[in-house]
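Observations on the three-dimensional arrangement
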Number of protein chains: 2
Amino acid sequence: MVTRIHPEPALPADLTAITSDAYRQVKDRLREVITRLGEAGRLRLPSEAELSAALGVSRATLRSALQSLQKEGRIRRLHGHGTFINRHALGLGANLAEAGAFLDLLAEAGHEASVSTADQRVVALEADVATSLEIRAGEQALRIERVFAASGEPAVHSVDHFPAPLLGENPRVLEPAQSTFEFVERHLGPPVCYSVAEVRPVLPPPEVAAALKIPAAQPLLRLRHTHIRADEQPVAVTVAHVNDEYLRFSVIRTYLDE
Amino acid sequence: MVTRIHPEPALPADLTAITSDAYRQVKDRLREVITRLGEAGRLRLPSEAELSAALGVSRATLRSALQSLQKEGRIRRLHGHGTFINRHALGLGANLAEAGAFLDLLAEAGHEASVSTADQRVVALEADVATSLEIRAGEQALRIERVFAASGEPAVHSVDHFPAPLLGENPRVLEPAQSTFEFVERHLGPPVCYSVAEVRPVLPPPEVAAALKIPAAQPLLRLRHTHIRADEQPVAVTVAHVNDEYLRFSVIRTYLDE
């Protein structure tokens, strides 16, 4: 067992390299390669050397992108055999384990996606959200309510809470942005690093049923996210209700890992 | 872009090394280390050299276990800074992206878990399941229906379909095992490698409401898995209805990767 424990290090503040557009582009291009190979029935990826040469990126960048795709369940590595495409994950739509703003997810699902900010105000935090944000109940938070539409039809209802003390003097007038992630990047410094999401089947609360124009008896997927910055500071809680006629989630559960 | 494409290689049949108990034990012990460090507020992991020495395993085995935990969202690597525990993922219960038989998930959620086989018979496949199994509709399949209980209360209802031609002469009398995974390992050769699961909120079909002893208006989480072997052969479709009073799923969505 481990007996030595390191003293708590400072977490790095600057994550520019990791969030760079270049890295995202590499990952997107690698996705394309995987789709194309997979559709052709070629399930083993070329070597790292070949891929990095073909994509014109360093081995380190390529390896990061590969690890990320492995984490999402798109590919798997088999020791001594190479890296393989998970063929049955090829056509998968919205992946619960992947990053994704609702606007992008709806667009990827083939809809004309739009978002409107239904409400933006400062409120006193209720206990459960305050606990997730690690601040005291009753403290002020900025609450942003959004409705995401698929070709004009309301598809997703979301409510964000951001701790007001992190947002300067007048949070109510801040530009609401198109997603929680964009809001955090614009107004809260370092971007969201990971989110913990509770996944529940629920009947819609009355205000959600009204906003989504659905009957009270229609079950929805309720995703309650706590968004965490790279410095482990929770910066937002988002409760989203998803009408799965418009957006259906999947997840790839992996059992064998290298 | 990639222009060269490898010829289709044979997929390895023997995955003993990856599925070995030793590997699972390393991962379990690493989980313990992470929990203990995290609870003590120490979020940076010791170096690979220190960890492999402390756990008495090779660097290669350690690295595999670390990658697997990274994939599940438990830890993250920050280039040039080390490997960090995702603190807010520490207390997380059933992780939708992780492996897990319902019996284990219910036990981990603190219940006294049990399973009963409600029915086992050979049926003709309906079109949607046949498509997932990549065989023709109307072909025969073994159907196993199970109810998983939490301290005696029915909590999860599941129906497996396995292609009968893969199961020998008389599939109806095969030992049903305690989970889909155990059944596959025992009767279908190589174990399940990954599963693609569709996640939906639904109202229970009448037979499920009866089996779970719940009202028809109570929404359930419906997980429809297609289980894939390492050789990319789909070997089972499992439709599970989960009463989330007993088992609540979360997922860790990661945005920044090394």
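Residues numbered from 1 in each chain as written. Chains lettered and ligands numbered in written order. Predicted model: local features only at pLDDT ≥ 70, side-chain atom pairs only at ≥ 80, totals over all residues. Heavy atoms only, no water.

Attention shifts here to the overall build of chain A. Counting secondary structure elements, chain A contains 8 helices and 10 strands. Counting every position in chain A, which comprises 258 residues, the buried fraction comes to 57%. For chain A, restricting intrachain contacts to residue pairs at least 6 apart in sequence, the fraction spanning at least 24 positions comes to 58%. Total accessible area on chain A stands at roughly 10,900 Å², and carbon and sulfur atoms take up 48% of it. (Helix = DSSP H or I, 4+ residues; strand = E, 2+ residues; numbered from the N terminus. Buried < 20%, exposed > 50% of the residue type's maximum accessible area, 1.4 Å probe, protein only. Contact = heavy atoms within 4.5 Å. Areas by Shrake-Rupley, 256 points an atom, 1.4 Å probe, with all protein chains shown as cover.)

Nonpolar side chains in soluble globular proteins tend to end up buried together. One finds Phe102 and Phe249 of chain A together with Phe102 and Phe249 of chain B to be the most contacted residues of the largest nonpolar core, which totals 41 residues. When near neighbours in sequence (up to four residues on either side) are disregarded, Phe249 of chain B contacts Ala197, Glu198, Val199 and Arg253 of chain A together with Ala94, Asn95, Leu96, Phe102, Leu105, Leu221, Leu223 and Val242 of chain B. (Core = buried A, V, L, I, M, F, W, Y, C linked by side-chain atoms within 4.5 Å.)

Now for the sheet that holds strand S10 (residues 249-254) of chain A. The sheet built from 8 strands is open, its strands ordered S3(A)-S10(A)-S7(B)-S8(B)-S9(B)-S6(B)-S5(B)-S4(B) with mixed pairing. Looking at the sheet topology across the chains shown, the edges are occupied by strand S3 (94-95) of chain A together with strand S4 (113-124) of chain B. Bridge analysis of S10 of chain A against strand S7 (residues 192-202) of chain B gives 6 bridges, and the strand direction is antiparallel. If you follow Ile252 of chain A over to S7 of chain B, its bridge partner there is Val196 of chain B. (Pairing = 2+ DSSP bridges.)

Further remarks concern the sheet that holds strand S10 (residues 249-254) of chain B. Pairing is mixed in the open sheet, where 8 strands are placed in the order S4(A)-S5(A)-S6(A)-S9(A)-S8(A)-S7(A)-S10(B)-S3(B). Either end of the sheet is taken by a strand with one partner, and the two such strands are strand S4 (113-124) of chain A together with strand S3 (94-95) of chain B. Relative to S10 of chain B, S3 of chain B is paired through 2 bridges, and the arrangement is parallel. Its bridge partner lying in S10 of chain B, Asn95 of chain B is registered against Ser250 of chain B.

Residues and elements named next belong to chain A. Applying the stated rule across the entire model yields 4 aromatic pairs over all chains. With 5.5 Å between their ring centres and 55° between their planes, Phe102 and Phe148 make a pair best called tilted. Here Phe102, found in helix H5 (residues 102-108), pairs with Phe148, found in strand S5 (residues 140-150); they are 46 residues apart in sequence, far enough to count as distant. Just as Phe102 is buried, Phe148 falls in that class too. (Phe/Tyr/Trp six-rings, centres within 6.5 Å; stacked < 30°, edge-to-face > 60°.)

All names here are of chain A. Two elements in contact, helix H3 (residues 48-55) and helix H4 (residues 59-71), have axes whose closest approach is 9 Å; the angle formed by their N-to-C orientations is 105°. Taken together, the axes of H3 and H4 lie roughly perpendicular to each other. Judged by residue contacts, Glu48, Ala49, Leu51, Ser52 and Leu55 of H3 engage Arg59, Leu62, Arg63 and Leu66 from H4. For the contact of H3 with H4, the class distribution of residues is 5 nonpolar, 1 polar and 3 charged. (Axes fitted to C-alpha atoms, helices over the stretch in contact; angles between N-to-C directions. Parallel < 35°, antiparallel > 145°, perpendicular 65-115°, else oblique. Nonpolar A, V, L, I, M, F, W, Y, C, P; charged D, E, K, R; others polar.)

Between chain A and chain B, the residue contacts involve 90 residues of the former and 90 residues of the latter. The junction of chain A with chain B conceals about 8,800 Å² of combined surface from both sides, 58% of it contributed by carbon and sulfur atoms. Where chain A meets chain B, there are 6 salt bridges. Between Arg87 of chain A and Glu134 of chain B there is a salt bridge, with its nearest N and O atoms 3.1 Å apart. There are 24 residue pairs in polar contact (both at pLDDT 80 or more) connecting chain A and chain B. (Buried area = accessible area lost by both parts, 1.4 Å probe. Salt bridge = Lys/Arg side-chain N within 4 Å of Asp/Glu carboxyl O. Polar contact = N/O pair within 3.5 Å; in protein donor to acceptor, adjacent residues only side chain to side chain.)

Right, let's get into the environment of Ala150 of chain B. Residue and element names in this part refer to chain B. Along the polypeptide, Ala150 turns up in strand S5 (residues 140-150). For Ala150 and His111, which are 39 residues apart along the polypeptide, the C-alpha to C-alpha distance reads 5.2 Å. Among all residues touching Ala150, those that are not within four sequence positions of it are Leu106, His111, Glu112, Ala155 and Tyr246.

All names here are of chain A. Within the span of H3, buried status applies to Glu48, Leu51, Ser52 and Leu55. Each buried residue of H3 lies within a common arc of 95° when the element is viewed along its axis, so the set occupies one face. In the segment just after H3, Gly56 is the residue with positive phi, at about 65°. (Arc of directions from axis to C-beta.)

Along the chain, Leu174 of chain B falls in the loop between strand S6 (153-163) and helix H7 (180-187). Discounting chain neighbours no more than four positions away, the residues touching Leu174 of chain B are Gln120, Leu167, Phe183 and His187 of chain B.

What follows is about the relation of the copies chain A and chain B. Two copies of the chain are present, and they differ by a rotation about an axis and a shift along that axis. For the match of chain A to chain B, the screw axis carries a shift of 0.0 Å, the RMSD comes to 0.0 Å, and the turn is 180°. Expressed as an axis order, the relation between the two copies is that of a two-fold axis. When the interface residues of chain A are mapped onto chain B, 100% of them are again interface residues, pointing to one common binding face. (Least-squares fit on C-alpha atoms with pLDDT ≥ 70 in both.)

Right, let's talk about the confidence of the model for chain A for a bit. Parts of the model with low pLDDT should not have their predicted coordinates read in detail. Residues and elements named next belong to chain A. Confidence in the prediction of chain A, expressed as mean pLDDT, is 85, and 90% of residues score 70 or more. Across chain A, the element-wise mean pLDDT spans from 44 in helix H1 (residues 16-19) up to 98 in helix H8 (residues 206-212). This model gives residues 1-19 a pLDDT under 50, and the stretch forms 44 contacts once residues within four places in sequence are excluded. (pLDDT = per-residue confidence, 0-100.)

All right, on to the pairing of S7 of chain B then. Residues and elements named next belong to chain B. Burial analysis of S7 places 9 of its 11 residues in the buried class, which makes it a mostly covered element. Bridging between S7 and strand S8 (residues 220-229) involves 10 bridges; their strand directions are antiparallel. The residue of S8 that forms the bridge with Pro201 is Leu221.

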